[in-house]
Amino acid sequence: MHEQELIPHLFRTEYRKIISVLVKLFGIEHIEIAEDIVSDTFLQAAETWGQKGLPQNPTAWLYTVSKNKTKDLLKHNAIFNKKIAVEIKHTQASFEEIEIDLSNKNINDSQLQMIFAICHPCITTESQIGLALNILCGFGAEEIADAFLSNRESIYKRLQRAKEKLKTEKINIELPIESEINNRLETVLTTMYLLFNEGYYSESQNVTLRKDLCLEAMRLTLLLSENEGTNIPQVNALLSLMCFHASRFEARLNQNGEIILYEDQDEKLWSRELIEKGEYYLNKASSGNKLSKYHLEAAIAFWHTNKTDTKEKWENILQLYNKLLVLEYSPVAALNRTYGLSKANSSEEAIIEAEKLGLKENHLYHSLLAELYKTIDTVKALEHLKTALKFSKTTSDKILLRKKIKLIEEKKK
Amino acid sequence: MKDFLLLFRRDGSADTNTQMSPEQIQAMMKPWQDWMGGIAAQNKLVSPGNRLEAAGKVVKPNNVITNGPYVETKEAVGGYIIIKAASLEEAAEISKGCPILQMGGNVEVRTILPMN
């Protein structure tokens, strides 16, 4: 890896590990102290490595320095001393010998526990995603604001409020008890799912940042899959879904961050490796008897890993969408189901069904109808594209729709 | 929006003997899946309900238990779902697409009384 890339990379991978171990040790009420220690450590790394060159083992260096900084604080900071040392002392023999356990096992355990603490139902889903990005992925308020298309100030406030809430609720850094784990995992999975989608469907022009968001969501979900207590079929189904979607990452955006539609994507750019991983986790997800929405979405994504249209493919996709909608309604699933219906049954039937959806102010609804009318009635197709343009909000959607309108108008001449 | 119970009735004595192939079963399922998926796509499916086996018992006063209920009524309940709709008329309109109608059955549409 290039030297300039090393610190950002380590920041992504090591920040959450060290901070999880420290917060676990200090308790959530001292999360800021843990954040300061880790930030200081990385600052020192940037300065020292810049002057003296890279240490032999940069990760070990980070661990040693953050350990020493913690010990220094314990010795010299009176407030920290009084508040935390007392608490730590309960579990530690003496405080000169305080053990900051940065072993693989403790890192993994602490990270998992940290995920559960952050995805606690006492804070809103929005805040959970923000905190997950901030604490577990090392994203600053600036980057989070960029991904959410928000401003730094309001993101910063949101993060502060969420941290305060976790403190006042005295959330422990621990795994939920076994009888609660499935329930709590549901919240965790929702956050991971949204975190991934945030990157995948974000309007942000920053392509690298968006990819990073997806990769981080995948890393965290992988952690859940690798841990015995949290390795349930839903986790693997979600991971499978993420792999299938991520396999198209290189093919679905152009240089300007504009969407390239599935139909127009270059299949050679799809990652075989990620598709295979997706299949692997989908197999792993097939144990147990609960069919979650992640199972259904992963299965739909699986059928999309092959562009060839067959009757079997679209019949399967249609039935999966039928099941998904019975399980949980969403407008996007309703629209996609109707597209599947046109492929499996007929465009005529799909048009009748589409009109019942009650989504007439949704630009995707009109894009869908334009697609369905494309071969039946170009005048209607054009009308719907223009209505879609009226309701679309983002620049990339407008660009896409204008292209389609131009295409039909040129054909008519 | 109100909730409506859709009761599917069919001739209980008709479908007991013929053994169907997996392909036939699949072909029979599709209209149901498409119809229910269509209701769900309108966000009007409250509960996918249940399908009922033909066999059942009817319990009457004085310890009388009979096999049934199809012995007495030709139209046995074969299943039910719960939907939501703006009116009884809309609920009936939605029921027009029910595959049971192609099988000689009918749909009974009933408004569910709210609990309070």
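This is a predicted model, so every value here is computed, not measured.

Trainee: So what exactly am I meant to see when it comes to the overall build of chain A here?
Mentor: The helix and strand tally for chain A stands at 20 helices and zero strands. When the 413 residues of chain A are sorted by exposure, 50% land in the buried category. Look at the contacts in chain A between residues 6 or more apart in sequence, and 66% of them connect residues 24 or more apart. In the form shown here, chain A has an accessible surface area of approximately 20600 Å², with 51% of it arising from carbon and sulfur atoms. Of the side chains in chain A, 54 bear a positive and 58 a negative charge, and the two mean positions are spaced by 3 Å.

Trainee: Got a minute to help me understand the overall build of chain B in this structure?
Mentor: Helix and strand counts for chain B stand at two helices and six strands. Walking chain B from its N terminus toward its C terminus, one meets helices and strands in the order β-α-β-β-β-β-α-β. Burial analysis of chain B (116 residues in total) assigns 32% to the buried set. Sequence separation of at least 24 residues holds for 76% of the intrachain contacts in chain B that already meet a minimum separation of 6. If you sum the accessible surface of chain B, you get close to 7400 Å²; carbon and sulfur atoms cover 56% of it.

Trainee: Quick question: what am I supposed to make of the packing of aromatic side chains here?
Mentor: Describing an aromatic ring pair means giving the distance of the ring centres and the angle of the ring planes. Residues and elements named next belong to chain A. This structure, assessed with the given rule, holds 15 aromatic pairs over all chains. A ring pair is formed by Y200 and Y201, whose centres lie 5.1 Å apart and whose planes are at 80°; its orientation type is edge-to-face. Using a relative accessible area of 3% as the deciding quantity, one classes Y200 as buried. Here Y262 and W270 contribute two aromatic rings whose centre-to-centre distance is 5.7 Å and whose plane-to-plane angle is 25°, an arrangement assigned as stacked.

Trainee: Looking at this structure, I do not really get the nonpolar core. What am I missing?
Mentor: One broad trend across soluble globular proteins is that nonpolar side chains are buried collectively. By size, the foremost hydrophobic cluster in this structure holds 89 residues, and its most contacted members are L62 and L133 of chain A. Counting residues in hydrophobic clusters, the runner-up holds 53 residues, among them L341, A354 and L385 of chain A together with C98 of chain B.

Trainee: Would you take a moment to explain the sheet that holds strand β5 (residues 75–85) of chain B for this structure?
Mentor: In any sheet, the strands associate via hydrogen bonds between backbone groups, in a parallel or an antiparallel arrangement. Residue and element names in this part refer to chain B. Strand order in the open sheet formed by four strands is β2-β5-β1-β6, with antiparallel pairing between adjacent strands. Edge positions in the open sheet fall to β2 (45–51) and β6 (106–111), since each of these has one partner strand only. Direction aside, neighbouring strands of the sheet carry axes that sit 20° apart on average. Of the pairings in the sheet, the one linking strand β1 (residues 2–11) to β6 comprises six bridges and is antiparallel in character. Counterpart to L7 in the pairing with β6 is E108.

Trainee: Before we go on, may I ask you to explain the interface of chain B and chain A in this structure?
Mentor: Across the contact, 12 residues belong to chain B and 14 residues belong to chain A. On inspection of chain B and its partner chain A, the count reaches one salt bridge. At the junction of chain B and chain A, the tally comes to seven residue pairs in polar contact (both at pLDDT 80 or more). Put simply, the parts of the chain that give the side of chain B that touches chain A at least two residues each are α1 (22–41) and β2 of chain B. Per-element tally for the side of chain B that touches chain A: the top contributor is α1 of chain B, with eight residues. Looking at the side of chain B that touches chain A residue by residue, the classes come out as five nonpolar, five polar and two charged.

Trainee: Would you mind going over the packing of helix α16 (residues 331–344) of chain A against helix α18 (residues 363–373) of chain A with me for this structure?
Mentor: Describing two packed helices takes the angle between their axes plus the distance from one axis to the other. Residue and element names in this part refer to chain A. Running from N to C, α16 and α18 cross one another at 5°; their axes reach a closest spacing of 10 Å. Taken together, the axes of α16 and α18 are roughly parallel relative to one another. For the pair α16 and α18, contact is made by L335, T338, Y339 and S342 and by L364, Y365, L368, E371 and L372, respectively. Tallied by class, residues from the contact of α16 with α18 come to six nonpolar, two polar and one charged.

Trainee: It is not clear to me how the environment of Y365 of chain A should be interpreted in this structure. Could you clarify?
Mentor: Residues and elements named next belong to chain A. Relative to the helices and strands, Y365 is located in helix α18. Judged by its relative accessible area of 2%, Y365 is buried. When the C-alpha positions of Y365 and E14 are compared, they lie 44 Å apart, and in sequence the two are 351 residues distant.

Trainee: How should I be thinking about unusual backbone geometry in this particular structure?
Mentor: Most peptide bonds are trans, and most residues other than glycine sit at a negative phi. Look at N62 of chain B: it is not a glycine, yet its phi comes out positive at around 60°. Checked against the element boundaries, N62 of chain B lands in the loop between β3 (57–60) and β4 (64–67).

Trainee: Got a minute to help me understand a nonpolar patch on the surface in this structure?
Mentor: Nonpolar side chains collect at one region of the surface, where M20, I25, M28, M29 and M103 of chain B lie side by side and expose about 410 Å² of accessible area between them. Note on placement: M28 of chain B falls in helix α1.

Trainee: Sorry, what's going on with the pattern of salt bridges here?
Mentor: Side chains that differ in charge, positive against negative, can pair when their charged atoms come close. Residues and elements named next belong to chain A. Within this structure, the stated rule accounts for 28 salt bridges over all chains. A salt bridge links K165 to E169; its shortest N-O distance comes to 3.1 Å. Accessibility expressed as a relative area gives 33% for K165, which makes it partly exposed. What makes E169 partly exposed here is its relative accessible area of 40%.

Trainee: Help me understand helix α6 (residues 125–136) of chain A in this model?
Mentor: Given 3.6 residues per turn, any residue in an α-helix points the same way as the ones three and four places further on. All names here are of chain A. For α6, built from 12 residues, the straight-helix expectation of 16 Å at 1.5 Å per residue is met to within 8% by its first-to-last C-alpha distance of 15 Å. The element α6 is extensively covered by neighbouring structure, given that 10 of its 12 residues are classed as buried. Here α6 has its buried residues at S127, Q128, I129, G130, L131, A132, L133, N134, I135 and L136.

Trainee: What is the right way to look at helix α5 (residues 104–118) of chain A in this model?
Mentor: All names here are of chain A. For α5, which comprises 15 residues, the first-to-last C-alpha distance of 21 Å matches the rise-based estimate of 21 Å (1.5 Å per residue) to within 8%. Counting buried residues in α5 gives 11 out of 15 residues, a clear majority hidden from the surface. All buried positions along α5 are accounted for by N106, I107, S110, Q111, L112, Q113, M114, I115, F116, A117 and I118.

Each value, and the rule that gives it
- Residues numbered from 1 in each chain as written.
- Chains lettered and ligands numbered in written order.
- Predicted model: local features only at pLDDT ≥ 70, side-chain atom pairs only at ≥ 80, totals over all residues.
- Heavy atoms only, no water.
- Helix = DSSP H or I, 4+ residues; strand = E, 2+ residues; numbered from the N terminus.
- Buried < 20%, exposed > 50% of the residue type's maximum accessible area, 1.4 Å probe, protein only.
- Contact = heavy atoms within 4.5 Å.
- Areas by Shrake-Rupley, 256 points an atom, 1.4 Å probe, with all protein chains shown as cover.
- Lys, Arg positive; Asp, Glu negative; His and termini not counted.
- Charge placed at Lys NZ, Arg CZ, Asp CG, Glu CD.
- Phe/Tyr/Trp six-rings, centres within 6.5 Å; stacked < 30°, edge-to-face > 60°.
- Core = buried A, V, L, I, M, F, W, Y, C linked by side-chain atoms within 4.5 Å.
- Pairing = 2+ DSSP bridges.
- Axes fitted to C-alpha atoms, helices over the stretch in contact; angles between N-to-C directions.
- Salt bridge = Lys/Arg side-chain N within 4 Å of Asp/Glu carboxyl O.
- Polar contact = N/O pair within 3.5 Å; in protein donor to acceptor, adjacent residues only side chain to side chain.
- Nonpolar A, V, L, I, M, F, W, Y, C, P; charged D, E, K, R; others polar.
- Parallel < 35°, antiparallel > 145°, perpendicular 65-115°, else oblique.
- Patch = residues over 30% accessible without salt bridge, like charges linked within 9 Å, V, L, I, M, F, W, Y side chains within 5 Å.
- Expected span 1.5 Å × (residues − 1).

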